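# Results of the structural survey
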Amino acid sequence: MAWRTRSRLCCSQRVLLLFPFVLLFLTISVIMISTIRLPNSPPAFDQLPSQALSSAGGVRASTFIGPKKDPSTHDALKHRVSGSHSECCQHGSCSLVKRAEDWYEVFAFHLDRVLGLNRSLPAVLRTFHSDVLPYKYTSGTPRPAVWWDPDIQHLADRDNDQNSVPLSWVQYQEILKVHCGKAAGLNTAPCVGVHHSEWGRLALFDFLLQVNDRLDRCCCGFRPGTKETCVENLLHAKCQNTKELVLVHILVRKVDTSRMVFIDNAGRPHQPADNLNFRLVEGIEEFPEKAVSVLQSGCLESLLLHSLYTDREFWDGRGGVAGLGPLIRTVEQRGKVLLRHIRDKKLRLNRDL
């Protein structure tokens, strides 16, 4: 295949990048594999991550989740494989079945790992077959299933439980200036416990995917269409008053509140190149060197194709190389735009990120 031929032409750096990526996949599989009934013969290594979130283990129960006021979660369903619902979910045996149009979240997971960011939750594309699930989940349309991480810290406020910390845009910009965890203590005001390096990871990831939901829910950094949720819900009108803007889905794990977790990464695969959201990188003065080196290497397409091939349902459903190639090249072009931004602004690269 053409993409395999190209992979041999990539620089030796590809091996150095792929090795930790493989270890991460293995770690994910080990964490989740105990909850799944495997076939008598062990699966191939590259099938392990897929089986970890597969419905093949048997869906035993399901629960609708998500605040009603948030239309993006209306079609989300949490399912478990066995045991009592709360007990299983607390042990990491649940996943979130999302809308079919959120398939890009699976792509985002693979991009996260290839870049060495390692902040998004494992996600696969699956066709579900179970009497427990409503018909629209078993109608034959593949849906993304994202691991439900029981360790994520949520605010007690039910109206704001999609955050671990409440943060406005103004506070966020102040935090970026003081370098929390480096020049200032993690919990010294205005810091909120998140290490400074995390924001560079988030900004790079969100820019490549054009995820505006976290840092720019009101769509202030690009020209939204009239049917955009931020326009229909009158959020875009808030752009006139910076003090009203808040960040969403700023999440951390209880075990390590200095590191972020990236959720709802579907982004905008077809965002035009002349309407990219640069607000996502506003205030960011340094980016992770490893991720930037992947963008510079020319190996991103090869690495992503190798990674995506491990989820065969996603691979086949999105048309293999022919279907995924244009998608990857769009991300590559955004990467070039970001590299130019870094160069023009003389921004730093940090090995500690």
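Criteria and thresholds
Per chain, residues are indexed from 1 in the order of the written sequence. Local features in a predicted model are, by the rule used here, given only for residues with pLDDT of at least 70; side-chain atom pairs are given and counted only at 80 or more, and totals for whole chains, interfaces and linings are based on all residues. Heavy atoms from the whole structure form the basis of all side-chain values; hydrogens and water molecules are not counted. Cysteine sulfur atoms are paired as a disulfide whenever they come within 2.5 Å of each other. Note on exposure labels: buried denotes an accessible area under 20% of the residue type's maximum, exposed denotes more than 50%, and partly exposed covers the range between, all computed with a 1.4 Å probe on protein chains only. When the centres of two rings from Phe, Tyr and Trp lie within 6.5 Å, Trp using its six-membered ring, the rings pair. Their planes under 30 degrees apart give stacked, over 60 give edge-to-face, and anything left gives tilted. Strands are runs of DSSP state E lasting at least 2 residues, helices are runs of H or I lasting at least 4, and numbering of each runs from the N terminus. Criterion for a charge above a ring: Arg CZ or Lys NZ at most 6 Å from the ring centre, at most 35 degrees from the ring normal. Buried and open spaces are told apart on a 1 Å grid over the protein atoms alone, a cavity being a set of points where a 1.4 Å probe fits but cannot get out and a pocket being an open set with protein on both sides within 12 Å along at least five of seven lines. Residues with an atom within 4 Å of a point are the lining residues. Grid points are joined across faces, edges and corners, and a volume is the space filled by probe spheres set on the points. Throughout, the ten residues Ala, Val, Leu, Ile, Met, Phe, Trp, Tyr, Cys and Pro are labelled nonpolar, Asp, Glu, Lys and Arg are labelled charged, and all others, Gly among them, are labelled polar. By definition, two strands form a pair when at least two bridges between them are found by DSSP. Here, the term nonpolar core denotes a set of buried Ala, Val, Leu, Ile, Met, Phe, Trp, Tyr and Cys residues that are joined through side-chain atoms within 4.5 Å. Any two residues whose heavy atoms approach within 4.5 Å at even a single point are treated as in contact. In this analysis an axis means a line fitted to C-alpha atoms, helices contributing only their contacting stretch, and an angle means the value between N-to-C directions, from 0 to 180 degrees. Angle categories are assigned with fixed cut-offs, so that under 35 degrees is roughly parallel, over 145 is roughly antiparallel, 65 to 115 is roughly perpendicular, and the rest are oblique. Left-handed describes a crossing whose near helix is turned anticlockwise from the far helix by less than a right angle; the clockwise case is right-handed.

## Quick notes on the state of the cysteines
Such a bond, covalent and formed between the sulfur atoms of two cysteines, is termed a disulfide. Counted according to the given criterion, the structure contains 4 disulfides. The disulfide bridge from Cys89 ends at Cys94, spanning 2.0 Å between sulfur atoms. Its S-S torsion of about -85° marks the bond between Cys89 and Cys94 as left-handed, since a negative value means left-handed. No difference in accessibility class separates Cys89 from Cys94, as the two residues are buried. Two residues share a disulfide in this structure: Cys219 and Cys230, whose sulfurs sit 2.1 Å from each other. What sets the handedness of the Cys219 and Cys230 disulfide is the S-S torsion sign, and at about -115° it is left-handed.

## Description of the packing of aromatic side chains
A ring pair, where both rings are aromatic, is described by two values, the distance of the centres and the angle of the planes. Going through the model one piece at a time under the given rule, you end up with 8 aromatic pairs. With a centroid separation of 5.2 Å and 55° between ring planes, the pair formed by Phe207 and Phe278 is classed as tilted. Remark: Phe278 occurs in the loop between strand S7 (256-261) and strand S8 (286-288) and Phe207 occurs in helix H7 (residues 196-209); sequence separation between them is 71 residues. For Phe207, a relative accessible area of 0% translates into the label buried. Above the plane of the ring of Tyr137 lies Arg143, whose end atom (NZ or CZ) is 4.1 Å from the centre. Sitting over the ring of Trp169, Arg279 keeps its end group 4.0 Å from the ring centre.

## A short note on empty space enclosed by the protein
For the coordinates displayed, the defined rule picks out 4 cavities of 30 Å³ or more. The computed volume of the second largest cavity comes to approximately 50 Å³. The wall of the second largest cavity is formed by Trp169, Leu215, Asp216, Arg217, Cys218, Leu245, Val246, Leu247 and Arg279. Among the residues making up the lining of the second largest cavity, the classes are represented as 6 nonpolar, no polar and 3 charged.

## Quick look at the pairing of S7
As a general feature of sheets, a regular strand has side chains that alternate between the two faces. The pairing of strand S6 (residues 251-253) with S7 spans 3 bridges and is classified as antiparallel. Along S7, the bridge assignment pairs Arg253 with Asp256. Where S6 folds back onto S7 in an antiparallel hairpin, the turn is made up of 2 residues.

## What about the nonpolar core?
In this structure, Phe107, Leu115, Trp199, Leu204 and Phe287 are the most contacted members of the largest nonpolar core, which totals 75 residues. Apart from the residues within four sequence positions on either side, Leu115 is in contact with Leu204, Leu208, Lys290, Ala291, Val294, Leu295 and Leu300. Counting residues in each nonpolar core, the second largest holds 6 residues, with Val124, Phe128, Tyr137 and Ala145 among its members.

## A word on the environment of Leu308
The residue Leu308 is located in helix H10 (residues 300-308) in this model. For the pair Leu308 and Phe107, spaced 201 residues apart in the sequence, the C-alpha separation amounts to 7.4 Å. Not counting chain neighbours up to four residues away, the residues in contact with Leu308 comprise Phe107, His110, Phe314, Trp315, Leu324 and Ile328.

## Thoughts on helix H9 (residues 289-297)
Here H9 has its buried residues at Ala291, Val292, Ser293, Val294 and Leu295. Gly298 sits one or two residues past H9 and shows a positive phi near 80°.

## Examining the packing of H9 against helix H12 (residues 320-344)
The geometry of H9 relative to H12 is characterised by a closest axis approach of 10 Å and an angle of 120° between their N-to-C directions. Viewed along their axes, H9 and H12 adopt a mutual orientation that is oblique. Considering only the axes of H9 and H12, their crossing is left-handed. Contacts from Val292, Leu295 and Gln296 of H9 reach H12 at Gly335, Leu338, Leu339 and Ile342. Looking at side-chain class alone, the contact of H9 with H12 contains 5 nonpolar, 2 polar and no charged residues.

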